[in-house]
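# Analysis of the macromolecular model
Residues per chain are reported as follows:
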Amino acid sequence: MAHKVRYKFKGVAKEISFSYSLHQNMHEAVADAEGVDLTHFLQTEQQIASISKGKATVRNFRDAEFVKMGFTELYFLKNGQE
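The structure contained in this document is the topic of the report that follows.

Rules used in this analysis
Residues numbered from 1 in each chain as written. Predicted model: local features only at pLDDT ≥ 70, side-chain atom pairs only at ≥ 80, totals over all residues. Heavy atoms only, no water. Helix = DSSP H or I, 4+ residues; strand = E, 2+ residues; numbered from the N terminus. Rg over C-alpha atoms; globule rule 2.2 N^0.38 Å. Buried < 20%, exposed > 50% of the residue type's maximum accessible area, 1.4 Å probe, protein only. Contact = heavy atoms within 4.5 Å. Areas by Shrake-Rupley, 256 points an atom, 1.4 Å probe, with all protein chains shown as cover. Phe/Tyr/Trp six-rings, centres within 6.5 Å; stacked < 30°, edge-to-face > 60°.

A count of helices and strands for the chain gives 3 helices and 3 strands. Sequence-ordered secondary structure for the chain, helices as α and strands as β, is β-β-α-α-α-β. The C-alpha atoms of the chain give 13 Å as radius of gyration, which agrees with the globular expectation for 82 residues (12 Å, within 12%). Over its C-alpha atoms, taken along the principal directions, the chain stretches across nearly 40 × 25 × 20 Å. By the burial criterion, 32% of the 82 residues in the chain qualify as buried. Of all intrachain contacts in the chain linking residues separated by at least 6 positions in sequence, the fraction that spans at least 24 positions is 58%. Carbon and sulfur atoms make up 50% of the accessible area of the chain, which amounts to about 5700 Å² in all.

What follows concerns the side chain of Glu 45. Among the secondary structure elements, Glu 45 is positioned in helix H2 (residues 39-51). Beyond its immediate chain neighbours, meaning those up to four positions away, Glu 45 contacts Val 58, Phe 61 and Arg 62.

According to the relative accessible area criterion, Glu 45 is buried, its value standing at 11%. Taking the C-alpha atoms as reference points, Glu 45 and Glu 65, separated by 20 residues in sequence, lie 9.9 Å from one another.

Bringing the packing of aromatic side chains into the picture now. Applying the stated criterion to the full structure yields 7 aromatic pairs. An angle of 40 degrees between the planes, with centres 4.6 Å apart, marks the rings of Phe 9 and Phe 71 as tilted. Of this pair, Phe 9 sits in strand S1 (residues 3-9) while Phe 71 is found in strand S3 (residues 71-78), placing the two residues 62 residues apart along the sequence. On the accessibility criterion, Phe 9 (12% relative accessible area) is buried. Looking at Phe 71, the relative accessible area reads 2%, which means it is buried. A centroid spacing of 5.1 Å and a plane angle of 70 degrees characterise the contact between Phe 18 and Phe 76, whose relative ring orientation is edge-to-face.

What follows is the structure in structure tokens.
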């Protein structure tokens, strides 16, 4: 199944192709497309995952940090449909 990701980076709307063979999730894909280094972010995310009891904490951290990096309106398009 072909996936695309739509997002805004610093207010500019963009769309990229997405493959699970290249990235674990759409957040890593858009960061890679924009040249954003996620080394520190991924270390912090891993620490939060190890001490939190649910996935919601990690998801909230990821969403908040990506907004700080300039990413908004991040979502999948599957088979060319919204």
